[in-house]
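Topology and contacts: notes
These are the residues of each chain, in order.
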Amino acid sequence: MRLVDLLHRWTGGLIGLLLAVLGLSGAVLAHKDAWIGVPGARDAQVQDTAALAAAAQRLLAEPETRPRSIVFATRDFGLDTLSYFDGGGGYARQDGTVVTRWAGKWERPEIWLFDLHHHLLAGDTGEIVAGIAGLAGLGFVITGLILWWPLRRNFEFRAWPKRMTRFPILRHHRDWGALLSPILAVSLVTGTIMIFRPVADLVLGPGAAAEVTAAFKPPPPRKAALADNPDWAGMITTARRLYPDAEVRILSLPRGDGGYVSLRLRQPEEWLPNGRTTLWFAADTGELAHVRDALKLAPRAQAYNALYPIHAAKVGGLPYRLLITLCGLALGVFGTLTFWTFWFTRKTPRRRLATA
């Protein structure tokens, strides 16, 4: 137990603030659609085929200003989200009217906050560091439960430490950590699997990572430039004919001579907010070339598709979103106070802590 205690304390002392940043940023992002204050953000979602085609046509009409992709409005967020080839972005009303544009992530709080949570503002390196922190945090949960179990009879439900001194903070940390351990574990496991696919082999079974990679592999390359006047309406109409109950979610243009325009759909049974059902159209002719039905993927690939909605509280409605918010706030409190008590307060004698 002494070794477990030493491991737990040092883990908290070393990565406490990092987990706090990930937890607090995740808690804020869980409610992103509610606090973005751009005109049109509260508009009702439009999924009429003709309206979607008209908006796409308006946004993509001019080659010099057309975005690289359009993420169409959702039930909770009434604006189309645009991504441009130069790395910038924008929001547009559902009639195709652009209401705001930005050149970089620092111009929109939701963009840099997302980057902070996923990449720690450091690109791929930051993403790996965040994944390592997630794995360490999972170990933090496991060792914390081991340490809490002998003292479980002393559990006390208290929203905040009785005093801001070492022992009350540790007791509050211990009890709330045990109480929230299931949802903390779910959040940490789903996050690390999305960063480190080999972790999927441990959770979903041997070979899961290879199965997921194969399932999401794009169609064979086809070198063709985008036509001068693509039939956007025809593509959306074709998608609707094949999947009449699905939401049209993302229209993406090819990069250079990439060969395909892709259209992502979300079928009612899919948890992923933007779905994974994808249609690829020949960039030069507009003809349907490939179809991937997300509901016909291998079972473990479908399970992988459920990780992000679970992690980001995109399923389960308001109750689950509040639970994930509590999880993020708890990580923020645990990480900050653990860092503080480990480095800046006098350590309480072990006998006193064991008998508390």
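Structural data are supplied above this passage.
Figured I'd write up the structure that's included with this text. (Residues numbered from 1 in each chain as written. Predicted model: local features only at pLDDT ≥ 70, side-chain atom pairs only at ≥ 80, totals over all residues. Heavy atoms only, no water.)

Regarding helix 6 (residues 166–179)
Rules: Secondary structure counts use DSSP, requiring at least four H or I residues in a row for a helix and at least two E residues in a row for a strand, with both numbered from the N terminus. For a helix, the expected span equals 1.5 Å multiplied by the number of residues minus one. Accessibility here uses a 1.4 Å probe with only protein chains present; expressed as a share of the type maximum, an area under 20% marks a residue as buried, one over 50% as exposed, and anything in between as partly exposed.
With 14 residues, helix 6 should cover 20 Å at 1.5 Å per step; its first-to-last C-alpha distance of 20 Å lies within 8% of that length. With respect to burial, helix 6 is a largely interior element, 11 of its 14 residues being buried.

So, the packing of helix 6 against helix 13 (residues 317–344)
Worth spelling out the cut-off: Throughout, an axis means a line fitted to C-alpha atoms (over the contacting stretch in the case of helices), and angles, computed between N-to-C directions, take values from 0 to 180 degrees. The hand of a helix crossing depends on one turn: near helix anticlockwise from the far one by less than a right angle means left-handed, and clockwise means right-handed. Between two residues, a contact is recorded if the distance between any of their heavy atoms is within 4.5 Å. When residue character is reported, Ala, Val, Leu, Ile, Met, Phe, Trp, Tyr, Cys and Pro are called nonpolar, Asp, Glu, Lys and Arg charged, and the others, Gly included, polar.
The contact between helix 6 and helix 13 brings their axes to 10 Å, and the two run at 145°. Remark: the crossing between helix 6 and helix 13 carries left-handed chirality. Where helix 6 abuts helix 13, its residues Arg166, Ile169, Leu170, His172, His173, Trp176 and Gly177 lie against Val333, Phe334, Leu337, Thr338, Thr341 and Phe342. Taken together, the residues that form the contact of helix 6 with helix 13 break down as 7 nonpolar, 5 polar and 1 charged.

A short note on the side chain of Asn305
Take Asn305: it is sitting in helix 11 (residues 299–305). For Asn305, a relative accessible area of 8% corresponds to the buried category. Sequence-distant contacts of Asn305, that is, excluding residues within four places in its chain, are made with Phe216, Leu272, Arg276 and Leu297.

Observations concerning the pairing of strand 2 (residues 80–83)
Rules: Two strands form a pair only when DSSP identifies at least two bridges running between them.
Burial along strand 2 is one-sided: the residues Asp80 and Leu82 are buried and none of Thr81 and Ser83 is. Where strand 1 (residues 69–71) lies against strand 2, 3 bridges are found, and the strand directions are antiparallel. What sits directly across from Ser69, in strand 2, is Ser83. Summarising the sheet, strand 2 and strand 3 (residues 89–92) pair through 4 bridges and their orientation is antiparallel. Note that in strand 3 the partner of Leu82 across the bridge is Gly90. Between strand 2 and strand 3, which follow one another and run antiparallel, lie 5 residues, and Gly87 among them has a positive phi close to 95°.

Topic: a nonpolar patch on the surface
Using the following cut-off: Patches in this entry comprise residues that are over 30% relatively accessible and not in a salt bridge; like charges within 9 Å are linked, as are nonpolar side chains (Val, Leu, Ile, Met, Phe, Trp, Tyr) within 5 Å. The protein chains shown are the only cover counted for residues, whose accessible areas, like all others here, come from Shrake-Rupley with a 1.4 Å probe. A pairing counts as a salt bridge when a side-chain nitrogen of Lys or Arg comes within 4 Å of a carboxyl oxygen of Asp or Glu.
Residues Leu3, Leu6, Trp10, Leu14, Trp340, Trp343 and Phe344 make up a contiguous nonpolar surface patch of about 800 Å² in total accessible area. Sorting the residues of the nonpolar patch by element identifies helix 1 (2–29) and helix 13 as the ones contributing at least two each. Element by element, the count of residues in the nonpolar patch is highest for helix 1, at 4 residues. Among the structural elements, Trp343 can be located in helix 13. Judged by its relative accessible area of 41%, Trp343 is partly exposed.

Section: the pattern of salt bridges
Within the structure shown, the criterion is met by 11 salt bridges. For Glu247, the salt bridge is made with Arg75, and the minimal N-O distance between the two is 2.6 Å. Residue Glu247 is located in strand 5 (residues 247–252), and its partner Arg75 is located in the loop between strand 1 and strand 2; the two are separated by 172 residues in the primary sequence. You can call Arg75 exposed: its relative accessible area is 61%. We note a salt bridge from Arg174 to Asp175, for which the minimum N-O separation is 3.6 Å. For the residue pair Arg174 and Asp175, the accessibility class agrees, reading buried in each case.

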